[in-house]
Amino acid sequence: MTGKHQPHTHRHTIAVLVDNEPGVLARVIGLFSGRGYNIESLTVAEVAARDNLSRITVVTSGTAQIIEQIKAQLSRLVPVHKVVDLTNEGPAVERELALVKVAGIGEKRVESLRIAGIFRAHTVDSTNESFVFEIVGRSDKIDAFINLMEPLGLVDVSRTGVVAIARGTQPL
Amino acid sequence: MSHDHDLNGAEILLKALADQGVEVVFGYPGGAVLPIYDEIFKQNRLRHILVRHEQAAVHAAEGYARATGKVGAVLVTSGPGSTNAVTGLLDAMLDSTPMVCMTGQVPTSLIGNDAFQEADTTGITRPCSKHNYLVKDVNDLARVIHEAFYVAKSGRPGPVVVDLPKDVVTAKGRYIGPDKVRHKTYKPKVKGDIAAIEAAVELMAQAKKPILYLGGGVINSGLEAVALATKLVKMTGFPFTQTLMGLGAVPASNPQYLGMVGMHGTFEANLAMHDCDVMVCIGARFDDRVTGKTSTFSPKSKKIHIDIDPSSINKNVVVDIPVVGDVGHVLEDMIRVWKAKQLHVDEKALKSWWREIDGWRAKDCLRYTKSKKVIKPQYAIERLYELTRDKDPIIATEVGQHQMWAAQFSKFDQPRHWLSSGGLGTMGFGLPAAMGAQVAFPEKLVIDIAGESSIQMNIQELATLAQERLPVKIFIMNNQYLGMVRQWQELLHGGRYAESHMDVHPDFVKLAEAYGAKGRRVDKPADLDAAIMEMIETPGAFILDVRTDASENVFPMIPPGAAHNEMLLGPEDEAEKPSSEDGMVLV
Ligand SMILES: Cc1ncc(C[n+]2csc(CCOP(=O)(O)OP(=O)(O)O)c2C)c(N)n1
Ligand SMILES: [Mg+2]
């Protein structure tokens with residue numbers, strides 16, 4: 001942490017199962033900001049209403065030591081049931097959804113629609129001068145799509161952040 | 001059952017506190033908690049200590065908790081009451097002190113409206129409490145209180161805040177007992193992994209230059225852990241050191257004790273930490289005050305780390321064998337496995353290691369220049385220790401040079417007799433902490449070793465001492481300076497003493513008298529013993545204003561950003577040591 005050359009940092013996707021109680025998200029976010037950890041994306045929603053459980057997926061980056069700290073600090077929060085490092089634990093599926101608004105006419109409009117087709121994005125809203133595309137995929141795919149839309153009249157983007165789940169038969 | 005429905009929130013709260021075995025609560029009333037105070041008024045079981053500032057209530061509860069091992073309890077009102085408590089909460093958090101702090105809150109219907117004396121208490125205290133709750137339904141109240149006590153004392157202890165809206169404490173609801181409450185998620189692991197324990201003891205048996213490094217976790221773990229730590233020390237014959245928080249875990253009179261480790265630790269403890277080949281860290285956390293510069297910290301050693309908090313492992317220093325578990329449980333297993341495997345230490349290697357250590361000891365690093373004219377601060381502590389040791393006093397401190405001298409020159413043979421703000425370094429901690437300890441042990445000699453500046457941060461508690469007839473002795477090491485600040489300015493800022501001298505201080509003797517206590521001033525070494533005896537023998541609270549040498553610095557010192565083997569041993573070292581650039585940004 002102190003040495004002159006920075007050790008390698010890695011991107012990790014961490015799933016956190018928490019009691020769905022007031023303040024729990026603030027605890028998680030406060031932990032990251034208070035201790036100076038990165039949050040690249042964070043999603044949260046209730047996943048088991050009966051057990052009152054929410055699942056937080058957080059994408060972060062840091063050295064191996066920092067990632068260990070992040071997991072230990074998360075586990076230490078009282079309402080946390082489970083912390084799983086999906087990046088370490090083996091293959092996981094990661095998805096993000098984005099809504100991408102592109103405004104334009106003529107050639108550019110046609111081109112945006114063509115590229116959306118290649119990316120298997122859905123058109124969920126359309127006016128004579130605009131589209132809203134819905135695209136689902138890994139974050140890098142969404143990045144690529146947005147980059148391609150940039151010169152074609154990109155005006156607005158809304159992204160969910162990453163949700164992730166381990167491959168195979170096991171629960172979290 | 002129907003009877004249980006007839007209780008209002010305040011009654012439920014008091015019943016829950018009684019079922020948790022709470023005997024004393026430190027507090028201060030206000031609008032939002034009046035219904036609770038009304039209930040306190042109607043009963044005799046729970047003793048309420050009325051402090052003069054909410055910060056002091058929290059430190060007093062800390063003193064009580066640290067001296068007894070029980071969970072401290074605090075009750076304050078909403079808004080300013082809860083914000084005043086914040087410093088104490090963080091202090092308890094950093095020093096792993098179990099506590100439940102109940103705060104009043106505006107009624108639920110007004111939350112979020114910037115109501116009178118509203119504060120977002122759960123928001124403000126989230127990063128300075130182990131956990132917190134806002135109780136919105138009176139039927140959750142009993143469960144929350146029981147959970148709060150469980151969380152406060154389980155695993156790594158800490159402060160838990162329970163925010164209580166006024167309508168919740170007046171509403172009628174249901175009581176449930178502690179036996180009905182089981183926490184859903186919080187179940188800290190107390191047993192250490194046996195494979196790790198086996199690896200640890202085998203490493204210890206091979207060690208040629210071992211050291212045991214004991215922290216406050218040994219004391220927090222309980223009396224059994226303390227006994228086991230002493231047993232381990234005896235069984236291995238290893239040298240051991242203790243952190244500021246660990247003083248008294250294993251008796252200081254044990255011949256294997258090297259003294260305290262860290263920034264103002266002894267030469268032999270720090271060099272042994274630096275040169276060892278196996279370090280066994282037990283209930284300590286490689287705090288920066290202990291390690292100095294981490295990149296050069298104990299470079300040749302394999303490290304074993306026993307801690308109940310997994311987040312302490314590999315946080316500051318990467319270790320070779322982590323053992324997550326309660327110190328008591330882990331030490332029990334370690335000793336058992338050691339015996340079962342019939343392990344032995346490397347006697348020969350250990351002998352030559354001790355020879356090396358004895359060489360460092362011969363430096364006599366706590367030596368200081370005696371004086372017949374002025375009272376040297378070290379001398380003041382030495383005399384206080386000698387004249388009170390047969391009484392087994394509980395020593396609290398404020399923060400600064402006096403705190404370090406107190407740590408260096410008092411010897412603790414028992415745990416829970418040393419109350420000092422380690423992690424947060426809170427000036428103003430000592431007097432209320434001493435007060436809390438005195439509440440727990442009314443017959444015991446309790447002394448606050450104070451600086452003339454720190455003491456003024458919670459001096460108002462002299463009134464509490466008077467009201468509760470608490471005979472706390474306040475031993476002020478009066479150097480007219482923010483001494484520790486002055487020391488850093490001398491060593492690191494070219495002797496530019498910006499704002500570290502105070503021209504005006506109260507007459508502490510008159511101040512004591514104003515509060516109904518007794519006091520005396522002493523400025524000659526020859527009068528010191530008599531003054532100390534007067535302080536001890538005078539019934540009731542007492543301030544001894546000891547005028548000490550203002551220019552004295554605390555040595556040894558590892559300057560900020562330096563390594564353990566770059567210690568300054570005394571004034572003669574100062575000039576040669578340029579402050580490193582790294583060091584200048586460290587605190
Ligand atoms: C609340 C608080 N404010 C500021 C500091 C910074 N600080 C550390 S030691 C110290 C000086 C304490 O002076 P005094 O109580 O007279 O003790 P001395 O060092 O002179 O023994 C100060 C200002 C602190 N630790 N706590
Ligand atoms: Mg001073």
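Residues numbered from 1 in each chain as written. Chains lettered and ligands numbered in written order. Predicted model: local features only at pLDDT ≥ 70, side-chain atom pairs only at ≥ 80, totals over all residues. Heavy atoms only, no water.

### A short note on the overall build of chain A
Link 1 in the chain: When you go through chain A residue by residue, the secondary structure sums to 4 helices and 9 strands.
Link 2 in the chain: Secondary structure elements of chain A occur, N-terminal to C-terminal, as β-α-β-β-α-β-β-α-β-β-α-β-β.
Link 3 in the chain: Looking at chain A alone, contacts between residues at least 24 apart form 72% of all its contacts between residues at least 6 apart.
Link 4 in the chain: Positive and negative charge centroids in chain A, built from 19 and 19 side chains respectively, lie 4 Å apart. (Helix = DSSP H or I, 4+ residues; strand = E, 2+ residues; numbered from the N terminus. Contact = heavy atoms within 4.5 Å. Lys, Arg positive; Asp, Glu negative; His and termini not counted. Charge placed at Lys NZ, Arg CZ, Asp CG, Glu CD.)

### Notes on the domain arrangement of chain A
Residue and element names in this part refer to chain A.
Link 1 in the chain: Each assigned domain of chain A is listed here: domain 1 (10–85) and domain 2 (92–164).
Link 2 in the chain: Averaged C-alpha coordinates put domain 1 and domain 2 at centres separated by 29 Å.
Link 3 in the chain: Across the contact, 8 residues belong to domain 1 and 7 residues belong to domain 2.
Link 4 in the chain: For the pairing of domain 1 and domain 2, the buried interface totals around 500 Å² over both sides, and the portion due to carbon and sulfur atoms is 45%.
Link 5 in the chain: Put simply, domain 1 and domain 2 have 1 salt bridge between them.
Link 6 in the chain: For glutamate 94, the salt bridge goes to arginine 11, with nearest N and O atoms at 3.8 Å.
Link 7 in the chain: Summed over the shared surface of domain 1 and domain 2, the result is 4 residue pairs in polar contact (both at pLDDT 80 or more).
Link 8 in the chain: Secondary-structure elements contributing two or more residues to the side of domain 1 that touches domain 2 are strand 1 (10–19), strand 2 (41–48) and strand 3 (53–62).
Link 9 in the chain: Grouping the constituent residues of the side of domain 1 that touches domain 2 by class yields 2 nonpolar, 4 polar and 2 charged. (Domains from an automatic or database assignment. Buried area = accessible area lost by both parts, 1.4 Å probe. Salt bridge = Lys/Arg side-chain N within 4 Å of Asp/Glu carboxyl O. Polar contact = N/O pair within 3.5 Å; in protein donor to acceptor, adjacent residues only side chain to side chain. Nonpolar A, V, L, I, M, F, W, Y, C, P; charged D, E, K, R; others polar.)

### Thoughts on the domain arrangement of chain B
Residue and element names in this part refer to chain B.
Link 1 in the chain: Assigned domains of chain B: these are domain 1 (7–180), domain 2 (194–361) and domain 3 (377–547).
Link 2 in the chain: Taking both partners together, domain 2 and domain 3 bury about 1400 Å²; carbon and sulfur atoms supply 65% of that area.
Link 3 in the chain: Contact with domain 3 buries area across many residues of domain 2, yet Leu244, Leu247 and His264 alone supply 40% of it, more than any other trio.
Link 4 in the chain: Remark: the boundary between domain 2 and domain 3 carries 0 salt bridges.
Link 5 in the chain: Going through the elements one at a time, helix 9 (216–221) and helix 10 (223–236) are the ones with two or more residues in the side of domain 2 that touches domain 3.

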